[in-house]
Amino acid sequence: MTIPLPPTEAEDESSTGEGSAWLGPRASEDDPPEPALRKGRGLTLRAVIPNAITAAALCSGLTGIRFAIEGLWGQALFAIVLAGVLDAMDGRMARLLKAQSRFGAELDSLADSLSFGMAPALVLFLWSLQDLPRLGWFAALGFAICCALRLARFNAQIDTEEQPHKSAGFLTGVPAPVGAGLAFLPMFLWLATGGEPFFRQPWLVGVWMVLIAVLMISNLATLSWTSIRPGKEIRLGAIALVGLLFAALLTEPWWTLALICAIYLALMPLGIVRYARVKRQRIAARQA
C-alpha cells in the first residue's frame, strides 16, 4: 500500500498562494525592494537578532517615559534617541542576515509608533504642555496620531508599484524617528542653555509639535539616505565630519542634536527643489 507523503513547503505555498505574502512591509523607507520570502513555520534562529533589536528599541522608547515621569529629562531624551539608533539598525541587520519577515515588519511598525509617537508626546506633555492642560494635551495627541497615520500610510503603500517619491530616491514627508527628534528641538535648546524658560513655554512647544506632526503626514518630498551621495572629492572630508560630529555628541550632546535638527530643516527645501526637477524631467520624457 502506498502511503501519501505530505506536500513540500513549495507545494504548500503554491497551493495556498501565501508564499509571496510573507514578506510584508519593510522596516525602513530607505530599504530596497526584496524578493518574496517563503512562508515559514515560525521565527528562524537568525530572525531572532533583528527582532530582539526592535524589542530593545521599543523598551528604550518606553523607558524614556518612565524617566520623564521622574523628571529626569536628559535621561528621557537619551532613551528615545537610543531607540532611534536601534531602529536604524534592526532593518539593516535583518537584510544582512536575510531574516526579513512579516512578523518583524509588524513589530517594527508597532515599536516605531510607541517610541517615536507616544513616547515623545508624553515626554513633552510632562515637560511643558501640562501647563496648558487642554490645548497641550490635544497637541500631544495630535502628534501621536500623526505618527501612527504616517506609519500606516507607509505600510499601506509598501506594495504599491506607483510611488513617485520613492522611485526617485525621496521620502514622502518627515520619517517618524526624524519627526520625534525635531519635536524635541525646544527641549534640546532648553538643556543646552541651562534651562532657558523661553524654550519651555507651552504655547511654543505646542505649536512646534503641531507643525512637525503636519510635516510627518504631508506629501512633501524629503531627502533620504539613498539620495545623499557625496562626490569622490569630498568623501574623505565627509568621513572626518562624521568623526567630529561623534566627538561633539560626546562633549556637547544637546547643542549637537539641536544643530542636526537645524541642518535637517535647512535641507528640506533642497529636497523639494530636487524632486521638482525630477518631476519636470519625467513630464518632459513622457511628452517626448
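Note: the structure precedes this text.
A brief structural summary.

1. Re the packing of helix H4 (residues 102-127) against helix H8 (residues 185-192)
Next, step 1: Closest axis-to-axis distance for the H4/H8 pair is 11 Å, and the angle between their directions is 50°. Put simply, H4 runs oblique to H8. For H4 against H8, the interelement crossing comes out left-handed. Side by side, H4 and H8 meet where Val123, Leu124 and Trp127 of the first sit next to Pro186, Met187 and Trp190 of the second.

2. Here we look at a nonpolar patch on the surface
Next, step 1: A cluster of nonpolar residues, Trp137, Phe138, Leu141, Ile145, Leu149 and Ile217, forms a patch on the protein surface that exposes about 560 Å² of accessible area.
Next, step 2: Of all the elements, helix H5 (residues 133-157) adds the most residues to the nonpolar patch, at 5 residues.

3. Observations concerning H8
Next, step 1: For H8, the buried fraction is high: 6 of the 8 residues fall into the buried class.
Next, step 2: Of the positions making up H8, those classed as buried are Leu185, Pro186, Met187, Phe188, Trp190 and Ala192.
Next, step 3: Looking at the buried residues of H8, the elements they touch are helix H3 (73-96), H4, helix H7 (176-183), helix H9 (202-217) and helix H11 (253-287).

4. Thoughts on the packing of aromatic side chains
Next, step 1: By the definition in use, this model includes 7 aromatic pairs.
Next, step 2: Ring geometry for phenylalanine 184 and phenylalanine 188: centres 6.3 Å apart, planes at 50°, overall tilted.
Next, step 3: By relative accessible area, phenylalanine 184 is classed as buried at 2%.
Next, step 4: Since its relative accessible area comes to 2%, phenylalanine 188 is described here as buried.
Next, step 5: Ring geometry for phenylalanine 198 and phenylalanine 199: centres 5.6 Å apart, planes at 70°, overall edge-to-face.
Next, step 6: Residue classification places phenylalanine 199 among the buried residues on the basis of a relative accessible area of 18%.
Next, step 7: Counting every residue linked through ring pairs, the aromatic cluster contains Phe184, Phe188 and Trp254.

5. Quick word on the pattern of salt bridges
Next, step 1: By the definition in use, this model includes 1 salt bridge.
Next, step 2: Note that glutamate 70 is salt-bridged to arginine 66, the shortest N-O span being 3.2 Å.
Next, step 3: Relative accessible area serves as the criterion here: at 44%, glutamate 70 is assigned to the partly exposed category.

6. What about helix H2 (residues 48-69)?
Next, step 1: Look at H2: 32 Å from first C-alpha to last across 22 residues, which is about the 32 Å you get at 1.5 Å a residue.
Next, step 2: Backbone geometry just downstream of H2 places glycine 71 in the positive-phi region, at approximately 80°.

7. Overview of the side chain of serine 115
Next, step 1: On the secondary structure map, serine 115 appears in helix H4.
Next, step 2: On the accessibility criterion, serine 115 (1% relative accessible area) is buried.
Next, step 3: For serine 115, the side chain forms a polar contact with the main-chain oxygen of alanine 57, separated by 3.3 Å.

8. Notes on the nonpolar core
Soluble globular proteins: nonpolar side chains tend toward being buried together.
Next, step 1: Counting residues in each nonpolar core, the largest one holds 44 residues, and the members touching the most others are Leu124, Phe143, Phe184 and Met187.
Next, step 2: If you list the elements that add at least two residues to this core, you get H2, H3, H4, H5, H7, H8, H9 and H11.
Next, step 3: Aside from chain neighbours lying at most four places away, what touches methionine 187 is Trp73, Leu77, Val123, Leu124 and Trp127.

9. Comments concerning the packing of H5 against H9
Next, step 1: As a packed pair, H5 and H9 sit with axes 9 Å apart at the nearest point and diverge in direction by 10°. Put simply, H5 runs roughly parallel to H9. Here H5 runs over H9; the crossing is left-handed. Residues Ala139, Ala140, Gly142, Phe143, Cys146, Cys147, Leu149, Arg150 and Arg153 of H5 touch H9, and the partners they reach there are Gly206, Met209, Val210, Ile212, Ala213, Met216 and Ile217.
Next, step 2: Split into classes, the residues belonging to the contact of H5 with H9 amount to 12 nonpolar, 2 polar and 2 charged.

About the cut-offs
- Numbering of residues starts from 1 in every chain and runs along the sequence as written.
- Given that the model is predicted, a residue must reach a pLDDT of at least 70 before its local features are reported, and side-chain atom pairs must reach 80 or more before they are shown or counted; all residues, however, enter totals for whole chains, interfaces and linings.
- Where side-chain values are given, they derive from all heavy atoms of the structure, hydrogens and water being excluded.
- To define axes, lines are fitted to C-alpha atoms, for helices over the stretch in contact only, and angles between the resulting N-to-C directions are given on a 0 to 180 degree scale.
- To qualify as a helix, a DSSP run of H or I must reach at least 4 residues; to qualify as a strand, a run of E must reach at least 2; elements of each kind are numbered from the N terminus.
- Oblique is the label for any angle not under 35 degrees, not over 145, and not in the 65 to 115 range, which are roughly parallel, roughly antiparallel and roughly perpendicular in turn.
- By convention the crossing between two helices is left-handed if the near helix lies anticlockwise of the far one by an angle smaller than a right angle, and right-handed if it lies clockwise.
- We call two residues in contact when some of their heavy atoms are within 4.5 Å.
- Note on patches: the residues involved have over 30% relative accessible area and no salt bridge, like charges join within 9 Å, and the nonpolar side chains Val, Leu, Ile, Met, Phe, Trp and Tyr join within 5 Å.
- In these tables, accessible area is a Shrake-Rupley quantity obtained with a 1.4 Å probe, and a residue counts as shielded only by the protein chains included in the view.
- Each reported salt bridge corresponds to a side-chain nitrogen of Lys or Arg within 4 Å of a carboxyl oxygen of Asp or Glu.
- Burial classification: accessible surface area is computed with a 1.4 Å probe over protein chains only, and a residue below 20% of its type maximum counts as buried, one above 50% as exposed, and the rest as partly exposed.
- Any Phe, Tyr or Trp ring, taking Trp's six-membered ring, that has another such ring centre within 6.5 Å forms a pair; planes under 30 degrees apart are called stacked, those over 60 apart edge-to-face, and the others tilted.
- Expected span of a helix: the number of residues minus one, times 1.5 Å.
- What qualifies as a polar contact is a pair of N or O atoms within 3.5 Å, subject to a donor-acceptor requirement within protein and to the restriction that residues adjacent in sequence count only when both atoms come from side chains.
- The set of buried Ala, Val, Leu, Ile, Met, Phe, Trp, Tyr and Cys residues whose side-chain atoms join them within 4.5 Å is what this entry labels a nonpolar core.
- When residues are grouped by polarity, Ala, Val, Leu, Ile, Met, Phe, Trp, Tyr, Cys and Pro land in nonpolar, Asp, Glu, Lys and Arg in charged, and all others, Gly among them, in polar.

Purely geometric numbers; function is a separate question.
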